[in-house]
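A closer look at the structure
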Amino acid sequence: MTVDPFARDHAPAMPFLDLLPTERVRTGLVVRDKADLVDQLAGLLADGGETGVVRDAIAARERLGTTGLGHGVAIPHGRSATIGEARAAFVRLATPIDFGADDNRPVDLIAALIVPAHFTDQHLRLLAELAELFSDTAITSALRAAPDAPSLRALLQRGMRAEDAGIRA
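Okay, so let's go over this structure.

Counting 28 residues, the largest nonpolar core has F16, F90, F134 and L143 as the members making the most contacts within it. Those elements giving two or more residues to this core turn out to be strand 5 (87-97), strand 6 (107-116), helix 3 (120-134), helix 4 (137-145) and helix 5 (149-164). If sequence neighbours within four positions are ignored, F16 has contacts with A88, A89, A111, A112, L113, L126, E129, L130 and M160. The next biggest cluster of nonpolar side chains, apart from the first, holds 23 residues, and it includes A57, V91, I110 and A112.

As structure tokens, then:
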């Protein structure tokens, strides 16, 4: 697929949940370290043979600086000219890992994104949406207590609806 490098992101805002099908939500994910997590996220976000492209995009972004927000939350993300549409994954780790967050707290809640290279504005809106959501400790506590992936996604949905309405969940 050829992507126009001069194309601008004029698409309407696409909420995180629209990019997050149930099959890309995991609880109890076991990883050894940050590199292993990036590999597994690439597998979740890839469509067909794109695993290497997704891994490279996320790893390149992490080399610029950690995407660990603090409070046990990270938003690893990347952009690629070979990705045709934005995709998301959400995982809760079985055991928190070091992610290099500024607060030095290990990470256990991860929202991951891969977007086409020209989706600059949409990408920034998605990151802002997630940062706002995960700044609410009641939401992150509930996500940590969710018994399974469907419950986890339902909590994300409820939290994002509350955020859209201007109230805290």
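As a further point, take the packing of aromatic side chains. Going through the model one piece at a time under the given rule, you end up with one aromatic pair. A cation over an aromatic ring shows up here: K34 above the ring of F99, its NZ or CZ 4.4 Å from the ring centre.

With that settled, the discussion passes to unusual backbone geometry. Positive phi, close to 60°, is recorded for H71, a residue that is not glycine. Relative to the helices and strands, H71 is located in the loop between strand 2 (68-70) and strand 3 (73-74). Although it is not a glycine, N104 sits at a positive phi angle of roughly 60°. Take N104: its relative accessible area is 64%, and that puts it in the exposed class.

The next thing to look at is the pattern of salt bridges. Within the structure shown, the criterion is met by six salt bridges. As a salt-bridge pair, D36 and R32 come within 3.7 Å of each other at their nearest N and O atoms. The exposure class assigned to D36 is buried, which follows from its relative accessible area of 9%. A residue is classified by how much of its surface remains accessible, and R32, at 69% relative accessible area, is exposed. Put simply, E50, E85 and R87 are held in one network by salt bridges that share partners.

Reading the values: the criteria
Residues numbered from 1 in each chain as written. Predicted model: local features only at pLDDT ≥ 70, side-chain atom pairs only at ≥ 80, totals over all residues. Heavy atoms only, no water. Core = buried A, V, L, I, M, F, W, Y, C linked by side-chain atoms within 4.5 Å. Buried < 20%, exposed > 50% of the residue type's maximum accessible area, 1.4 Å probe, protein only. Helix = DSSP H or I, 4+ residues; strand = E, 2+ residues; numbered from the N terminus. Contact = heavy atoms within 4.5 Å. Phe/Tyr/Trp six-rings, centres within 6.5 Å; stacked < 30°, edge-to-face > 60°. Lys NZ or Arg CZ within 6 Å of the ring centre and 35° of its normal. Salt bridge = Lys/Arg side-chain N within 4 Å of Asp/Glu carboxyl O.

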